[in-house]
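# An overview of the molecular structure
One letter stands for each residue in the lines below.
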Amino acid sequence: MKRPMRWPKGLWGGLLGAVLCAGAVDAQVDYRINGGPIWESYSFDEGLVYEDLSEFSFPVVVDFRFGSRTSLVVSSGFASVNAKAVPETAAEDVSISGILDTEARLTYELLPRTLSLIVSGILPTGITEVATAQSSALGLIASEVLDFSIVRLGSGGGVGVGFVGAVPVGDLALGLGATFNASGEFAPIAAGPDYRPGTEFRIRAGLEGPVARATYLRIAGIYSLRGEDEVDGVSPGDPGGQFSLYGAVEQGVGSSTLGAYSFFSGRSEPSLGQTPVGLNVLPESRTYALGTFLAIPVRRTDVITPRVEYRSNSVVPLSEPGGDFRTLGRGFRLGADYRFGLAGASDLVFHGDYFTGDVGDPVAPGIGELVGVGGYRIGVRLEWRTP
């Protein structure tokens, strides 16, 4: 049974009141709606206990603008995950679907274009409890190489507060931010123990802007520390920290834009984490990616963007704590977006890509032998804006 969070009674009322007051400042309320279906499917060569893994999702994001200083972003959606087990193995087929959590983030500019207050909340509307047998597919679904669009169906909810600011640095802008998030308790496995994620403190820093007449640079870094998780009131250990670094450069080439990017992320210790079908122990890891794209205008309002990315993930096997990093997966993703301009300021974006590479089993001794994997991702997204 899903257990409700216990938060101060005035929290959500205060958030709603802030939004309503902000809306009263200006009768004009602008909003944007982004959403659409995404289908992902992967097939594995012999060597794992699952031969097919797929996810269908339909995320929806609504962005309200109240006057010039306040915005509210609300998101939710639907997701369905299915995994087909290899016949005559101990694994069982996985099938789970449901509504996602509802997330809201309120941003208010305390100092216009300089300092903003952020208040966020997660309503636990998604699925949290799964059958124990379904948790056997978690390692593959949580793969940072396959990079599923939706990695969590539900949680115990949560609240957060923070500040973000920006200051000019020559022609560039330096952004800094810090947020604090607390999560609610829930039972991720049917008839299992209660789980409460540790409180999280996250800091962000970024630098972006033009560095030449037709060149634009983005650099960003995030570091987060989480307090000790609790399982039935007992801590399983220090979850350590998580970090990510990102860099991108875009260069105008005639009417087109050529871009390249890279990122590097990691976990310093094994930690409990949410996946689409429940809770799983995620190993100490390092993930990096390198990609490029070319945005080409094909009509007055349309743009086609072919892209390619290489991604690799290494982990310390759970069976070898303190050991060396081993490759858990790697592969190339090739695809393209087509942005179709609609009437007004709205767009319809079509996306398709193909992935080929190999992955291993994170719980096998020494990761086990890597096996081939191939699959695709297709989707359609409507980006609708008020005229």
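One structure accompanies this document, and this report is about it. (Residues numbered from 1 in each chain as written. Predicted model: local features only at pLDDT ≥ 70, side-chain atom pairs only at ≥ 80, totals over all residues. Heavy atoms only, no water.)

A count of helices and strands for the protein chain gives two helices and 22 strands. Here the protein chain, with 387 residues, has 39% of them falling under the buried criterion. Here the contacts in the protein chain between residues at least 6 apart in sequence split such that 60% fall between residues at least 24 apart. When the accessible surface of the protein chain is split by element, carbon and sulfur atoms take 61% of a total near 19500 Å². (Helix = DSSP H or I, 4+ residues; strand = E, 2+ residues; numbered from the N terminus. Buried < 20%, exposed > 50% of the residue type's maximum accessible area, 1.4 Å probe, protein only. Contact = heavy atoms within 4.5 Å. Areas by Shrake-Rupley, 256 points an atom, 1.4 Å probe, with all protein chains shown as cover.)

What follows covers the pattern of salt bridges. The tally for this structure, following the rule as stated, stands at 21 salt bridges. Residues Asp147 and Arg311 are paired through a salt bridge, measuring 3.5 Å at the closest nitrogen-oxygen approach. Separated by 164 residues along the polypeptide, Asp147 in the loop between helix H2 (138-141) and strand E8 (158-169) and Arg311 in strand E19 (residues 303-315) bring together distant segments of the chain. On the basis of relative accessibility, which here comes to 31%, the residue Asp147 falls in the partly exposed class. A single salt-bridge network, built from bridges that share partners, covers Arg339, Asp347, Arg381, Glu383 and Arg385. (Salt bridge = Lys/Arg side-chain N within 4 Å of Asp/Glu carboxyl O.)

Right, let's talk about the side chain of Ser41 for a bit. Summarising the element assignment, Ser41 is placed in strand E2 (residues 38-44). Looking at Ser41, the relative accessible area reads 17%, which means it is buried. When near neighbours in sequence (up to four residues on either side) are disregarded, Ser41 contacts Leu53, Ser54, Gly374, Gly375 and Tyr376.

Let us now look at the nonpolar core. Counting 16 residues, the largest nonpolar core has Tyr42, Phe44, Tyr50, Leu146, Phe355, Val359 and Val373 as the members making the most contacts within it. Elements that contribute at least two residues to this core include exactly E2, strand E3 (50-66), strand E4 (70-85), strand E21 (347-359) and strand E22 (371-385). If you look at the next biggest cluster of nonpolar residues, it comprises six residues, including Ala79, Ile96, Ile150 and Leu153. (Core = buried A, V, L, I, M, F, W, Y, C linked by side-chain atoms within 4.5 Å.)

Moving on to unusual backbone geometry. Non-glycine residue Arg113 carries a positive phi angle of around 60°. Of the residues examined, Arg113 reaches a relative accessible area of 76% and is grouped as exposed. Notably, Asp147 is not glycine yet its phi reads approximately 55°, a positive angle.

Among the surface-exposed residues, Val29, Tyr31, Ile33, Phe340, Leu342, Phe350, Val380, Leu382 and Trp384 lie close enough to one another that they form a single nonpolar patch of about 630 Å² accessible area. Those elements that provide at least two residues to the nonpolar patch are strand E1 (29-35) and E22. Position of Ile33 among the secondary structure elements: in strand E1. (Patch = residues over 30% accessible without salt bridge, like charges linked within 9 Å, V, L, I, M, F, W, Y side chains within 5 Å.)

In this section: the pairing of E8. In the sheet, strand E7 (residues 115-123) pairs with E8 via eight bridges, with the strands oriented antiparallel. For Ser116, the partnering residue across the bridge sits in E8 and is Val164. By the bridge criterion, 12 bridges tie E8 to strand E9 (residues 172-183) in an arrangement that is antiparallel. Paired with Val164 across the bridge in E9 is Gly177. Taking the residues between adjacent antiparallel strands as the criterion, E8 and E9 are bridged by two residues, where Gly170 takes a positive phi near 65°. (Pairing = 2+ DSSP bridges.)

It is worth spelling out the environment of Ile296 at this point. Residue position: Ile296 is located in strand E18 (residues 285-297). Setting aside residues no more than four positions away along its own chain, Ile296 makes contact with Ser256, Asp302, Val303 and Ile304.

This next bit is on a negative patch on the surface. On the surface, a cluster of negative charge is made up of Glu228, Glu230, Asp238 and Glu269. Along the chain, the position of Glu269 falls in the loop between strand E15 (256-267) and strand E16 (271-275). (Lys, Arg positive; Asp, Glu negative; His and termini not counted. Charge placed at Lys NZ, Arg CZ, Asp CG, Glu CD.)

Before going further, it helps to spend a moment on the packing of aromatic side chains. Remark: the centre distance and the inter-plane angle together describe each pair of aromatic rings, the angle taken between the planes. Summed over all chains, the structure comprises 10 aromatic pairs. Ring centres of Phe243 and Phe264 lie 5.4 Å apart, and the angle between their planes is 50°; on these two criteria the pair is classed as tilted. With Phe243 in strand E14 (residues 241-253) and Phe264 in strand E15, this residue pair connects regions lying 21 residues apart in the sequence. On the accessibility criterion, Phe264 (33% relative accessible area) is partly exposed. Centroid distance Tyr288 to Tyr310: 6.3 Å. Interplanar angle 55°. Geometry classified as tilted. Taken together, the residues span a long stretch of sequence, with Tyr288 in strand E18 and Tyr310 in strand E19 at a distance of 22 residues. One aromatic cluster is present, built from ring pairs that chain together Tyr31, Phe64, Phe66 and Trp384. (Phe/Tyr/Trp six-rings, centres within 6.5 Å; stacked < 30°, edge-to-face > 60°.)

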